[in-house]
Amino acid sequence: MSEQRILVTYLTQAKDLQKKAEAIAVGMTVGSWTDLPAAKQADLKPYLGEAVGAQVLDTLENGESRGLITISYPVRNFTADIPSLLTGVFGKLSMDGKIKLIDIQFPEAFLAAFPGPKYGISGIRDRLGAHNRPLLMSIFKSCLGLPFDDLKTQFRAQALGGVDLVKDDEIFFADDRAPFLERIRAFKQIARETEAETGKPVLYAANLTGPVTDLTERAKRAVEAGADCLLFNVLAFGYDALHRLAADPDVQVPIMAHPALAGAYYPSPDYGIGTPLLLGKLMRLAGADLVLFPSPYGNVALNKEEALKLAEHLTEPTGTLRKSFPVPSAGIHPGLVPQLYEDFGLDQVVNAGGGIHGHPGGATAGARAFVAAINAVVAGQTLEDASSESAELSQALQKWGTK
Ligand SMILES: CSCCC(=O)C(=O)COP(=O)(O)O
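Residues numbered from 1 in each chain as written. Predicted model: local features only at pLDDT ≥ 70, side-chain atom pairs only at ≥ 80, totals over all residues. Heavy atoms only, no water.

**Student:** In this structure, what is going on with the packing of helix H12 (residues 304-315) against helix H13 (residues 337-344)? I would like to understand it.
**Tutor:** Working note: a packed helix pair is described by the angle between its axes plus the distance between those axes. For the pair H12 and H13, interaxial distance at closest approach is 10 Å and the crossing angle is 60 degrees. One finds that H12 runs oblique with respect to H13. Here Lys-304, Ala-307, Leu-308 and Ala-311 of H12 lie close against H13, whose contacting residues are Gln-339, Asp-343 and Phe-344. The residue inventory of the contact of H12 with H13, partitioned by class, reads 4 nonpolar, 1 polar and 2 charged. (Axes fitted to C-alpha atoms, helices over the stretch in contact; angles between N-to-C directions. Helix = DSSP H or I, 4+ residues; strand = E, 2+ residues; numbered from the N terminus. Parallel < 35°, antiparallel > 145°, perpendicular 65-115°, else oblique. Contact = heavy atoms within 4.5 Å. Nonpolar A, V, L, I, M, F, W, Y, C, P; charged D, E, K, R; others polar.)

As structure tokens, this is what we get:
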């Protein structure tokens, strides 16, 4: 493991990108190099970073070059966790002028220290018995402050429409009117009733909240209460909190990563962390079974190339890590299902809040419209054709159109 190296790519600008890369390679590892006596150099060499590439993309008006630099770091510099990794390759560097962390490539030995998703795409599909189509998820709109009975009614309505998963709103922390364990038990009972009626199971993703020191215990209690899945605000709690939940053998449920806070990291072209790494590679490494991210077409759209790369990182072969489900989200309505299918394929979760609850016929009709749209695209049918057999889909297309 000690001979292996981690390759890190940054987007930055400088008069001389190669020189900047060399300075970072030293500065982020042993601190100084040329000034060290030979004996000290020999001692520290195994820890020294190395500039392995500099690629100019643009020449700026001030004469500087803007481009990609790649630095290799010895694996021995890190402990097997994401806080060590991010601090080691981008900690103080993230505050040192225009520099954006774009990608990290891991050697097998480093990857092997991370268990990754416990269920992944295949485990979730097995649990639902749904293998040949995108899954469908509905989001509570909203949760905060609502009486428990209203939430039960909302849950039943969504489940009756045929969704595969229902998730809490990510801002549902103050849940005293519908406490975490009580609503897990109540929704489980409703899920049993709706499955008896529709023949379809539905999984409920409950928002896991609380002090970070209590998370594992709360997750275990959720599992004992019958939880199917946990929603988790990974960036707010930190990747390592997800890692520890995913690695715990008693937390036997899939974990769904919400991207809340991601906008504080990725939108700048010059600073922060690129989305494919932030919400793709690192979420999977930390153990997310499903990862929500802004789709390229909705109300908080992500650049399409980045969204596709992000999904690729969640699903491409990576060591022994299971694949995470891409969940392109925000502003999704049934008319977007053909585009979602074209872009993200079979292995995705179609996810909607407003696109289900805003249906003129209510949430059950909204979910049915999505089910009809998903079945249509998988069968190679147009939505227009499918809408002649689904009044709910027809109404949805009238309301939202197909773009
Ligand atoms: C920005 S990705 C997270 C999407 C999300 O959590 C959400 O509530 C989307 O709701 P919508 O009504 O836009 O489907």
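Alright, that's what it looks like, and here's the rest.
**Student:** Help me out: how do you make sense of unusual backbone geometry in this one?
**Tutor:** Trans is the common state for peptide bonds, and a negative phi is the common state for residues other than glycine. In this chain, Lys-141 is followed by Ser-142 through a cis amide linkage whose omega measures -15 degrees. Note on placement: Ser-142 falls in the loop between strand E5 (135-139) and helix H6 (148-160). Not every positive phi belongs to a glycine, and Leu-261 is a case in point at roughly 90 degrees. If you trace the backbone, Leu-261 turns up in the loop between strand E9 (255-258) and strand E10 (272-273). The class of Leu-261 is partly exposed, set by a relative accessible area of 48%. (Buried < 20%, exposed > 50% of the residue type's maximum accessible area, 1.4 Å probe, protein only.)

**Student:** It is not clear to me how the sheet that holds strand E3 (residues 65-74) should be interpreted in this structure. Could you clarify?
**Tutor:** Each strand in a sheet pairs with another by means of backbone hydrogen bonds, the pair being arranged parallel or else antiparallel. Strand order across the open sheet formed by 5 strands is E2-E3-E1-E4-E10, with mixed pairing between neighbours. What marks the edges here is a single partner per strand, and that holds for strand E2 (50-59) and E10. Two strands pair when backbone bridges link them, and E2 and E3 are joined in this way by 8 bridges, in the antiparallel orientation. In the sheet register, Glu-50 faces E3, and the bridge partner there is Ser-72. Packed onto the sheet, helix H3 (residues 82-90) meets strand E1 (5-14), E3, strand E4 (99-105) and E10 and runs at close to 130 degrees relative to E4. (Pairing = 2+ DSSP bridges.)

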